[in-house]
Amino acid sequence: MMIRGASLIAVLARSRLATLLATLALTVSACAPMSANQRRHIFQDVPATIDANARYLFHMHGSIVEVQGPNAQGRYGQYRYYWTLEALADRGFVVISEVRTRTKILTYATTVAGQVAKLRAAGVPADHITVTGMSKGGAITMLTTAIIGDPDVRFVVMAGCGRLDVFNVAGGREALGRRPQGRVLSSYDRYDTEARPG
């Protein structure tokens, strides 16, 4: 089968979202081994019983899921929210994520920082905690880095960190009085007109 011109562009555009989500799963999965006998641990909040030796991963979806739900369909294809959580849990992470409704970025970043604080108070080492987000979830992740203020917590920002004003998303830097910090990996698609610089 031969794909031509506009059809090829449409196929590539639809595959970008899937590629970004797969990249997130693969990038973060490098941090944790997979066991053939493990079961998935996926929660909407910090679990009642905290294992200080486990590796925890918070994931925040893009705004399209706030509007359309976990099976959202956008111009780049289907948003694979549950697939992403399962892929991350399959790599041994205790995944904490919820389908948000419309949310203020700073408010939700404060919520996630509080969840991370619960893990830290229970003895989970900072380097066993990763906070990830895509698009609006990436912007939330950036503010979460500043609220947490721990240089050893890990963060992955996808399509949410390229703009020059990202460090003051929703007035967060002014409200918090400090810049984001921690071990941050940020990426965006070169065709992304919303997240990339310039």
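Residues numbered from 1 in each chain as written. Predicted model: local features only at pLDDT ≥ 70, side-chain atom pairs only at ≥ 80, totals over all residues. Heavy atoms only, no water.

1. Some details on the side chain of Ser97
- With respect to the helices, strands and loops of the structure, Ser97 is situated in the loop between strand 5 (93–96) and helix 4 (105–121).
- Here the side chain of Ser97 touches Tyr81 through a polar contact of 2.7 Å, side chain to side chain.
- Residue contacts for Ser97: discarding those within four places in its chain leaves Phe43, Gln44, His59, Tyr81 and Leu85. (Helix = DSSP H or I, 4+ residues; strand = E, 2+ residues; numbered from the N terminus. Polar contact = N/O pair within 3.5 Å; in protein donor to acceptor, adjacent residues only side chain to side chain. Contact = heavy atoms within 4.5 Å.)

2. A look at unusual backbone geometry
- We note that Ser135 has phi near 60 degrees; this positive angle belongs to a residue other than glycine.
- Following the sequence through the fold, Ser135 ends up in the loop between strand 6 (129–134) and helix 5 (136–148).
- The class of Ser135 is partly exposed, set by a relative accessible area of 33%. (Buried < 20%, exposed > 50% of the residue type's maximum accessible area, 1.4 Å probe, protein only.)

3. Considerations on the pattern of salt bridges
- For the structure shown, the criterion picks out five salt bridges.
- Here Asp90 ties to Arg40 by a salt bridge, and the two come within 2.6 Å at their closest N and O atoms. With Asp90 in helix 3 (residues 81–90) and Arg40 in the loop between helix 1 (5–29) and strand 1 (41–43), the pair connects residues that are 50 residues apart, well separated along the chain.
- Judged by its relative accessible area of 41%, Arg40 falls in the partly exposed class.
- Notably, a salt bridge pairs Glu66 with Lys136, separated by 3.0 Å at the nearest N-O pair. (Salt bridge = Lys/Arg side-chain N within 4 Å of Asp/Glu carboxyl O.)

4. With respect to the sheet that holds strand 7 (residues 154–158)
- Strands sit in the order 1-5-2-6-7-8 across an open sheet of six strands; the sheet is parallel. Every other strand in the sheet has two partners, leaving strand 1 and strand 8 (183–187) as the edge strands with one partner each. Taken over all neighbouring pairs, the strand axes of this sheet differ in orientation by 20 degrees on average, direction set aside.
- Where strand 1 meets strand 5, three bridges bridge the pair, whose relative direction is parallel. Its bridge partner being in strand 5, Phe43 is matched across the sheet by Ile96.
- On top of the sheet, helix 3 reaches strand 1, strand 2 (55–60) and strand 5; it is set at about 150 degrees to strand 5, its chief contact.
- Across the sheet, helix 5 is in contact with strand 2, strand 6, strand 7 and strand 8; its angle to strand 6 comes to roughly 145 degrees. (Pairing = 2+ DSSP bridges. Axes fitted to C-alpha atoms, helices over the stretch in contact; angles between N-to-C directions.)

5. Focus on the environment of Met158
- Looking at the secondary structure, you find Met158 in strand 7.
- Taking C-alpha positions, Met158 is 6.2 Å from Gly133, a pair spaced 25 residues apart along the chain.

6. So, the packing of helix 4 against helix 5
- Where helix 4 meets helix 5, the closest approach of the two axes is 8 Å, and the angle between their N-to-C directions is 55 degrees. Considering the angle they form, helix 4 stands oblique to helix 5. Note that helix 4 runs across helix 5; the crossing there is right-handed. Of the residues in helix 5, those in contact with Ile105, Leu106, Tyr108, Ala109, Thr110, Val112, Ala113 and Val116 of helix 4 are Lys136, Ala139, Ile140, Leu143, Thr144, Ile147 and Ile148.
- Residues belonging to the contact of helix 4 with helix 5 are distributed by class as follows: 12 nonpolar, two polar and one charged. (Parallel < 35°, antiparallel > 145°, perpendicular 65-115°, else oblique. Left-handed = near helix turned anticlockwise from the far one by under 90°. Nonpolar A, V, L, I, M, F, W, Y, C, P; charged D, E, K, R; others polar.)

7. Considering the confidence of the model for the chain
- Confidence in the prediction of the chain, expressed as mean pLDDT, is 79, and 70% of residues score 70 or more.
- Across the chain, the secondary-structure element scoring lowest on mean pLDDT is helix 1, at 51, and the one scoring highest is strand 5, at 98.
- Within the model, pLDDT remains below 50 along residues 1–13, and this stretch shows three contacts once partners closer than five positions in the same chain are excluded. (pLDDT = per-residue confidence, 0-100.)

8. Quick look at the pairing of strand 6
- In terms of residue burial, strand 6 counts as a mostly covered element, since six of its six residues are buried.
- Burial of strand 6 is two-sided: the residues Ile129, Val131 and Gly133 facing one way and the residues Thr130, Thr132 and Met134 facing the other way are all buried.
- In the sheet, strand 2 pairs with strand 6 via five bridges, with the strands oriented parallel. Along strand 6, the bridge assignment pairs His59 with Thr132.
- Across five bridges, strand 6 lies against strand 7 in parallel orientation. In the sheet register, Gly133 faces strand 7, and the bridge partner there is Val157.
- Once you follow strand 6 into helix 5 and on to strand 7, the crossover reads as right-handed. (Right-handed = clockwise from strand over helix to strand, strands pointing away.)

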